Amino acid sequence: MKFEALMLRSLFVACLLVCGLVLSAMVNASPEAIRLAAAGSAGQLIAPTACALPPDGVVCPRLSNG
């Protein structure tokens, strides 16, 4: 009985350790997109006056109303 209790306790501790490591990895993760946005270099890929989508007047406002 003592061996089984020791095994269950060690399994619980191992599961807690793995869950803690996964949680800390998720909290401390810094994806490439966030790093680019924080550095300000992502805005240089597309010109600030250009719209990535066709100008339809809703998503990208037209500069001159014809």
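So, how was this worked out
Residues numbered from 1 in each chain as written. Predicted model: local features only at pLDDT ≥ 70, side-chain atom pairs only at ≥ 80, totals over all residues. Heavy atoms only, no water. Helix = DSSP H or I, 4+ residues; strand = E, 2+ residues; numbered from the N terminus. Buried < 20%, exposed > 50% of the residue type's maximum accessible area, 1.4 Å probe, protein only. Areas by Shrake-Rupley, 256 points an atom, 1.4 Å probe, with all protein chains shown as cover. Patch = residues over 30% accessible without salt bridge, like charges linked within 9 Å, V, L, I, M, F, W, Y side chains within 5 Å. Salt bridge = Lys/Arg side-chain N within 4 Å of Asp/Glu carboxyl O. Expected span 1.5 Å × (residues − 1). Disulfide = S-S within 2.5 Å.

## What about the overall build of the chain?
Moving on, step 1. Counting secondary structure elements, the chain contains two helices and zero strands.
Moving on, step 2. Buried residues in the chain amount to 2% of all 66 residues.
Moving on, step 3. Only carbon and sulfur atoms are counted for the fraction: they give 72% of the accessible area of the chain, which is about 6,200 Å².

## Overview of a nonpolar patch on the surface
Moving on, step 1. There is a patch of nonpolar side chains on the surface, built from V18, V22, L23, M26 and V27 and spanning about 500 Å² of accessible area.
Moving on, step 2. Within the element layout of this structure, V27 appears in helix 1 (residues 2-28).
Moving on, step 3. The class for V27 is exposed, based on a relative accessible area of 61%.

## A word on helix 1
Each turn of an α-helix holds 3.6 residues, which means side chains three or four residues apart point in the same direction.
Moving on, step 1. Across its 27 residues, helix 1 extends 39 Å between first and last C-alpha, which sits within 8% of the 39 Å expected from 1.5 Å per residue.
Moving on, step 2. Among the 27 residues that make up helix 1, zero are buried, leaving the element largely open to the surroundings.

## Some remarks on the state of the cysteines
Moving on, step 1. Tallying each qualifying case throughout the model produces zero disulfides.
Moving on, step 2. The thiol sulfur of C15 is not disulfide-bonded, and the nearest other cysteine sulfur, from C19, lies at 6.5 Å.
Moving on, step 3. The class of C19 is exposed, set by a relative accessible area of 52%.

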